[in-house]
Amino acid sequence: MAKEILDSALWDRFEEAARKRRRDPVRLLKEFMRERLEVWEDQKLDRQARKAALSSGRREEDAVQIVRRHRANRSGPSATS
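Residues numbered from 1 in each chain as written. Predicted model: local features only at pLDDT ≥ 70, side-chain atom pairs only at ≥ 80, totals over all residues. Heavy atoms only, no water.

Visitor: Any chance you could explain the nonpolar core here in plain terms?
Guide: One broad trend across soluble globular proteins is that nonpolar side chains are buried collectively. Listed in full, the 5 residues of the largest apolar core are L45, A49, A53, A63 and V67. Contributions of two or more residues to this core are made by α3 (25-56) and α4 (60-74). If sequence neighbours within four positions are ignored, V67 has contacts with L45, D46 and A49. (Core = buried A, V, L, I, M, F, W, Y, C linked by side-chain atoms within 4.5 Å. Buried < 20%, exposed > 50% of the residue type's maximum accessible area, 1.4 Å probe, protein only. Helix = DSSP H or I, 4+ residues; strand = E, 2+ residues; numbered from the N terminus. Contact = heavy atoms within 4.5 Å.)

Right, here's the structure in full:
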């Protein structure tokens, strides 16, 4: 499937747009995929926190604070690779 994408007009457009911005298209795609995975993980964490907050009797604001603390701990120096 990845080969089909790389051989497609979509890749050609992406590559041209990246190069116009003086960016390496492969690096840009990797960065985009990493960011997308983080967003999905954050969304999953948000759902889990809300569910846990509801079952624990805590308020949603408490769950939000828990998520923020977790994200702050996760974004420390060891999370950047």
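Further notes follow.
Visitor: Looking at this structure, I do not really get the packing of α3 against α4. What am I missing?
Guide: Angle between the axes and distance between the axes: these two values describe a pair of packed helices. Where α3 contacts α4, the two axes come as close as 9 Å, and the packing angle between them is 140 degrees. Remark: the crossing between α3 and α4 carries right-handed chirality. Along the contact surface, α3 presents E41, D42, L45, D46, A49, R50 and A53, while α4 presents E60, A63, V67, H70, R71 and R74. (Axes fitted to C-alpha atoms, helices over the stretch in contact; angles between N-to-C directions. Left-handed = near helix turned anticlockwise from the far one by under 90°.)

Visitor: Just checking my understanding: could you explain the packing of aromatic side chains for this structure?
Guide: The geometry of two aromatic rings is summed up by the distance between their centres and the angle between their planes. Per the stated rule, a full pass over the model turns up 1 aromatic pair. Here W11 and F14 contribute two aromatic rings whose centre-to-centre distance is 5.6 Å and whose plane-to-plane angle is 35 degrees, an arrangement assigned as tilted. Note that W11 and F14 are positioned in helix α2 (residues 9-20) at a spacing of 3 residues, about one turn of the helix. (Phe/Tyr/Trp six-rings, centres within 6.5 Å; stacked < 30°, edge-to-face > 60°.)

Visitor: Even after reading the chapter, I still don't get the pattern of salt bridges, so can you show me in this structure?
Guide: Taken as a whole and assessed by the stated rule, the structure comprises 5 salt bridges. E15 is the partner of R19 in a salt bridge, and the nearest nitrogen-oxygen pair spans 3.5 Å. Taken together, the residues span about one helical turn, with R19 and E15 both in helix α2 at a distance of 4 residues. The shortest N-O distance in the salt bridge between E16 and K20 comes to 3.4 Å. Of this pair, E16 and K20 are both found in helix α2, 4 residues apart, which corresponds to roughly one turn of the helix. The class of E16 is partly exposed, set by a relative accessible area of 47%. When its relative accessible area of 64% is taken as the criterion, K20 is described as exposed. (Salt bridge = Lys/Arg side-chain N within 4 Å of Asp/Glu carboxyl O.)

Visitor: Could you clarify how one ought to interpret α2 in this entry?
Guide: Counting along an α-helix, one turn takes 3.6 residues, and residues three or four places apart therefore face a common direction. For α2, which comprises 12 residues, the first-to-last C-alpha distance of 17 Å matches the rise-based estimate of 16 Å (1.5 Å per residue) to within 8%. Trailing α2 by a residue or two, R22 shows a phi angle of about 55 degrees, which is positive. (Expected span 1.5 Å × (residues − 1).)

Any link to function would need more than the numbers given here.
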